[in-house]
Every structure is written in structure tokens, then in C-alpha cells.
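Observations on chain architecture
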Amino acid sequence: MVKLFNQLLIKGQKMKRLVLSTFCCFLLSLSSYSQTNDFYTIDEFLKVNPEQDQKMKVFSEMIRSKPNKAKTTKKIKIAVIYPGIQLSDYWVRSLKSFKLRLDELGINYELKEYFTQVGQHRKQTADIKNALKEKPDYMIFTLAVRKHQKLIGRILSENKTKLILQNITTPLKQWSKSQPLLYVGFDHIEGSKLLANYYKKKLNNKGTYSMFYYQEGYIADMRGTQFIKYFDKISDIKLTSTYYTEGKFDKSKSAAKSLLKKKTRPSFIYASSTDIALGAIQAIKAKKLKNPPIVNGWGGGSSELKSIMAGDMTVTVMRMNDDNGVAMAEAIKLVEQGNESKVPTIYSGDFVLVEKGISKEEITKLKERAFRYSGFSKK
């Protein structure tokens, strides 16, 4: 395969671009957790389940509205297992907004938290098993590797604990008869398309780029491979290199250092997460280049917005972060009040594209909206 790949690369620039993007997608499909056809996109899911469309609209209005007190006093047990030890503050803010909305709703709850670093899959598995020993009414987790899919499948089949899957908005097809209570987050494909459209316009449809993947798995596929596929359709900008960073600052920094040693530099580095973006930016700043590659963020948390305002990061897709925590709390309220049928299968929050040069006043308004529960600074 490698020999064939090298032979094809010499057949011209257009073929290079096509083969490289296809080859990268091929490698990912062999090695990663997620293949796209395992999941429904939101549009695909709504075609199969058209009744969900109205549920999602009504639920979204509930998220944006002021809380209405729950008519229940029963105490519930909640377990939260998050990969929250990272530079991105998404997970910490998610948990804070979730708890504060539960408090406003008057839900009587006991919550146990389990936080891990990115990639600590064995510890996450152990945390899930330990949490289940406590017999929680609700468990909130994410989905990154295949062995977690099997474990979650068992939880669904036992039907003793209500499951909320965080940071994923693409339902698994194999669970179509018994889906989790809620998939909640910000659609990775939508965010990646916003960045793709931005780069095409920013670079006048010319140039090259390097893909800095997350760790192999769901996020790498949805934010990385789906970006490549979409960008290849809409632009002539060429993919010239790919790196797996495990979603870590240091590995991203090292990858960027290696990339910058090459004779030709890409026009931009597509970073699949906050830690990846900040690691790449630090390596680029240390080189003090005249025309350095530009770097995007992914998520628009506090550290990314600080980098945007400093002029180091060029653009990011900013999630209206706290809506995901509010959505989880409202879903639980509906269940506890006997209205589980009103909970949609998917809640996907809103994005705003934020570019370098934005005013402090505009940033403050976005923070007020995105971090309405978890808090923000006007600086």
C-alpha cells in the first residue's frame, strides 16, 4: 500500500491532493473506533425519526428559557465520568452549569464526579464500573473507544440506569431500539464545516494545510476526517501532512516543531481541539517566522478566547457552552416528572465563529451567552 501510495503521489498536484486525503481517511477507518456509517448524522436521524424534529425544537426553547421548578422531591443519584483534566474548560463548565441548573429546578440529587485525563480509557472503564456499584439513577459519560461502546450497550440492555452521552450528537445505529436518554453536545461535523468554509474564503481557495488529529477514535473522525472529506469537495486547498497528537498539548507542540522543519510550510494547521491548537501555537511563536501557518481553535473556551484576543489564534468555533449542562438538567427534570417521552434523543447546541480582531465588547457579549452559568471575565 505504501509503495503504491508513493507512486501515485508523483502524478501531479491534483492527484496528490486526492490520494493523500483518501489515504488518510483509509488509515483512520482501519485504526479508529468510529466509522461514519456506524452513526446517524443529525439529518439522517431525523429522516428515520421525523417525530424527533418537533421534540428537538421544543426542548431547545426550554434550554434557552428561564427554569421552571420541578414538581418532585425524590432524591436521585447521578454519576458523572468526564475526561476533564485538560486545558479546555468545556467539561468543567459543563458540570458547573449542570449542577446550577439542577439547583434552580429544585431537583434533590446526590452527584459523584470522576475526572480523568484524555486517553485514560482503562481508568474511565474502572470509573464506570465503580460508579455502577453505587446504583445511580443517571450516568453521564462520553464515547471515545469501542470497548466503552460494549460497556454502555450492557448498561442500556439492563435498563437500570438512565444514560446521557456527552460531547456526541450522532446516535449509534446499533442502539436504534434502545438509545440512551440523551445525546448532548455541539455537533462536531457542523463545527468543522464552519471552519472549512472560513478557510476557503480566508485563503482565497489557495494553499496547503496540515491536519492535527485528536487521538484515534470518534473525535478524530468527526472533527478531522469529516473536515478533510468536506474541504476536499469545496476547495482546492491541499492536504500535505497529518499528525496524531492524542489531544495533548506537548504532543501537538512536538508535531508542530517537526512540521516547521520541512522546506515548505502549510498555510494553516487544522487543530482538532483546544490543547492541540495551543501546543501548535506555542511551537510556532518560538520560531518567530515572518509568515507562520495560521491555527484554528475548536470550542471557544476561555483559553482559546484569550489566545484570539492576544492575536495568536486566528479563528475558532465557539460553543454556547453552558447550554449542554442545562440540557442535561432539563432532561432529568422531564423524566422525574413522568415526561420522558418529551426528551429528544439529541440536543445539539449553537456555534458562533470567532475571528482574531473581534472587539472586547463582542467577546463579552458572547461570554455572557455561552458561560451564563459557569461564569466569565470581561477581560
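Just so we're clear, the structure is a prediction, and the values are computed from it rather than from any experiment.

Here's the deal with the sheet that holds strand S9 (residues 294–295)
Strand order across the open sheet formed by four strands is S7-S6-S8-S9, with parallel pairing between neighbours. Pairing within the sheet leaves two strands with one partner each, and these edge strands are strand S7 (238–244) and S9. Relative to strand S8 (residues 268–271), strand S6 (residues 208–213) runs parallel, the two sharing four bridges. Each residue of the ladder has a partner; that of Tyr209, found in S8, is Phe268. Across the sheet, helix H10 (residues 249–260) lies against S6, S7 and S8, angled at about 155 degrees from S6, the strand it touches most.

Brief notes about the confidence of the model for the protein
Counting all residues, the mean pLDDT for the protein is 88, and 87% of those residues have values of 70 or more. Taken as a whole, residues 1–34 scores under 50 in pLDDT and shows 53 contacts with residues more than four places along the chain or in a different chain.

Quick notes on the environment of Asn167
Along the chain, Asn167 falls in the loop between strand S4 (162–166) and strand S5 (182–185). With relative accessibility at 8%, the residue Asn167 sits in the buried group. Spatially, the C-alpha atoms of Asn167 and Gly185 are 4.3 Å apart, while their sequence positions differ by 18 residues.

Section: the environment of Thr169
With respect to the helices and strands, the residue Thr169 is situated in the loop between S4 and S5. For the pair Thr169 and Gly349, spaced 180 residues apart in sequence, the C-alpha to C-alpha distance is 9.6 Å. For Thr169, the contacting residues outside a window of four places in its chain are Ile42, Tyr183, Val184, Gly185, Phe186, Asp187, Tyr218, Ile346, Tyr347 and Ser348. Polar side-chain contacts of Thr169 include one of 2.7 Å to the side chain of Asp187.

Calculation rules
- Residues numbered from 1 in each chain as written.
- Predicted model: local features only at pLDDT ≥ 70, side-chain atom pairs only at ≥ 80, totals over all residues.
- Heavy atoms only, no water.
- Pairing = 2+ DSSP bridges.
- Helix = DSSP H or I, 4+ residues; strand = E, 2+ residues; numbered from the N terminus.
- Contact = heavy atoms within 4.5 Å.
- Axes fitted to C-alpha atoms, helices over the stretch in contact; angles between N-to-C directions.
- pLDDT = per-residue confidence, 0-100.
- Buried < 20%, exposed > 50% of the residue type's maximum accessible area, 1.4 Å probe, protein only.
- Polar contact = N/O pair within 3.5 Å; in protein donor to acceptor, adjacent residues only side chain to side chain.

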